[in-house]
Amino acid sequence: MSPIDLNATIKKLDAFSMREKKPLHLVLLGGLALQHYGMENRSTIDLDAEVEGDLESLFLFLKTQGIPSDLSENISGWSVVAMPPGYRERAITRFKSEFLEVCVLDPCDFVISKLRRFSEEDVQDALFVVKKYEIQTDQVSRFAEAALEHSIKDTTLFLFRKNVDLFLKKIKKEYRNK
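Residues numbered from 1 in each chain as written. Predicted model: local features only at pLDDT ≥ 70, side-chain atom pairs only at ≥ 80, totals over all residues. Heavy atoms only, no water.

All right, on to the overall build of the protein chain then. A tally of helices and strands in the protein chain yields eight helices and five strands. In sequence order, the secondary structure elements of the protein chain are arranged as α-β-α-β-α-β-α-β-β-α-α-α-α. Relative to the compact-globule value of 16 Å for 178 residues, the protein chain shows a C-alpha radius of gyration of 17 Å, a close match. Counting only C-alpha atoms, the protein chain reaches 50 × 35 × 30 Å along its principal axes. Here the protein chain displays about 9,500 Å² of accessible surface, and carbon together with sulfur accounts for 51% of that area. (Helix = DSSP H or I, 4+ residues; strand = E, 2+ residues; numbered from the N terminus. Rg over C-alpha atoms; globule rule 2.2 N^0.38 Å. Areas by Shrake-Rupley, 256 points an atom, 1.4 Å probe, with all protein chains shown as cover.)

Laid out in structure tokens, this is it:
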């Protein structure tokens, strides 16, 4: 699979929405969002997004374009740990046309989305965004607590809390070493 580019993908999505003549709203996550945040060396082969609109038609269109996708009406449901309340309202519009709006998560919401999975790549992605946007540890803590308060009660929440603590220590260590 070939890597996909954010701007080229938006052009394809705009052409699709114009052809369908139906509103389509996406909140991008993953590698395409990182391209928006400025991580130029991060390639991706898929489109991860929360979608408001005809999800099935979008999925089939992306498939014809050779773009694998992970789409959902509610990205908060991708993990036992919920997204912080208000993440949709805080999303930043990257592109808007007659039928299409493409957004990315607020940087702090993006960090929480990465900490919910906590793979090594996710941690590196989150660290990049924290540094680029100068996100403070107390902001990460507040967003993480809000996510926990809106999550179903599950033992996974203990692990998330521990992972957030490890991440916050990593941020503090990196800032000290500047």
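The subject of this paragraph is helix α7 (residues 137–149). Taking 1.5 Å as the rise per residue, α7 with 13 residues should run 18 Å; its terminal C-alpha atoms sit 18 Å apart, in good agreement. The complete set of buried residues in α7 reads Val140, Phe143, Ala144, Ala147 and Leu148. Burial along α7 is one-sided: seen end-on, the buried residues are contained in an arc of 140°. (Expected span 1.5 Å × (residues − 1). Buried < 20%, exposed > 50% of the residue type's maximum accessible area, 1.4 Å probe, protein only. Arc of directions from axis to C-beta.)

What follows deals with the environment of Leu29. Mapping Leu29 onto the fold places it in strand β1 (residues 24–29). Placed 18 residues apart in sequence, Leu29 and Leu47 show a C-alpha to C-alpha distance of 7.8 Å. Those residues in contact with Leu29 that sit more than four places away from it in its chain are Asp48, Ala49, Glu50, Ile75, Trp78, Leu105 and Ser113. (Contact = heavy atoms within 4.5 Å.)

Bringing helix α3 (residues 55–64) into the picture now. For α3, the full list of buried residues reads Leu58, Phe61 and Leu62. Looking straight down α3, one finds its buried side chains confined to an arc of 100°; they lie on one side. Facing away from the buried surface of α3 by more than 90 degrees, the exposed residues are Glu56, Lys63 and Thr64. Against α1 (6–20), β1, β2 (47–52) and β3 (69–72) lie the buried residues of α3. Of the residues trailing α3, Gly66 is marked for its positive phi of about 75°.

Relative to the helices and strands, Pro84 is located in the loop between β3 and α4 (87–90). Pro84 sits in the buried class, given a relative accessible area of 1%. Beyond its immediate chain neighbours, meaning those up to four positions away, Pro84 contacts Arg90, Asp109, Ile112, Phe143, Ala146 and Ala147.

Moving on, we come to the pairing of β1. Within β1, five of the six residues are buried, which leaves it mostly tucked inside the rest of the structure. Here β1 runs beside strand β5 (residues 100–104); their pairing, made up of five bridges, is parallel. Each residue of the ladder has a partner; that of Val27, found in β5, is Cys103. Sheet topology places β1 next to β2; five bridges connect them, and they run antiparallel. Looking at the pairing, Leu29 lines up with Asp48 of β2. (Pairing = 2+ DSSP bridges.)

Glancing now at the packing of aromatic side chains. According to the stated counting rule, one finds three aromatic pairs in the structure shown. Look at Tyr37 and Tyr133: their rings are 5.8 Å apart centre to centre, the planes differ by 85°, and that puts the pair in the edge-to-face class. Of this pair, Tyr37 sits in helix α2 (residues 30–37) while Tyr133 is found in the loop between α6 (120–132) and α7, placing the two residues 96 residues apart along the sequence. For Tyr37, a relative accessible area of 1% corresponds to the buried category. Classification of Tyr133 by relative accessible area gives partly exposed; the value is 33%. The rings of Tyr37, Phe110 and Tyr133 are connected pair by pair, giving a single aromatic cluster. (Phe/Tyr/Trp six-rings, centres within 6.5 Å; stacked < 30°, edge-to-face > 60°.)

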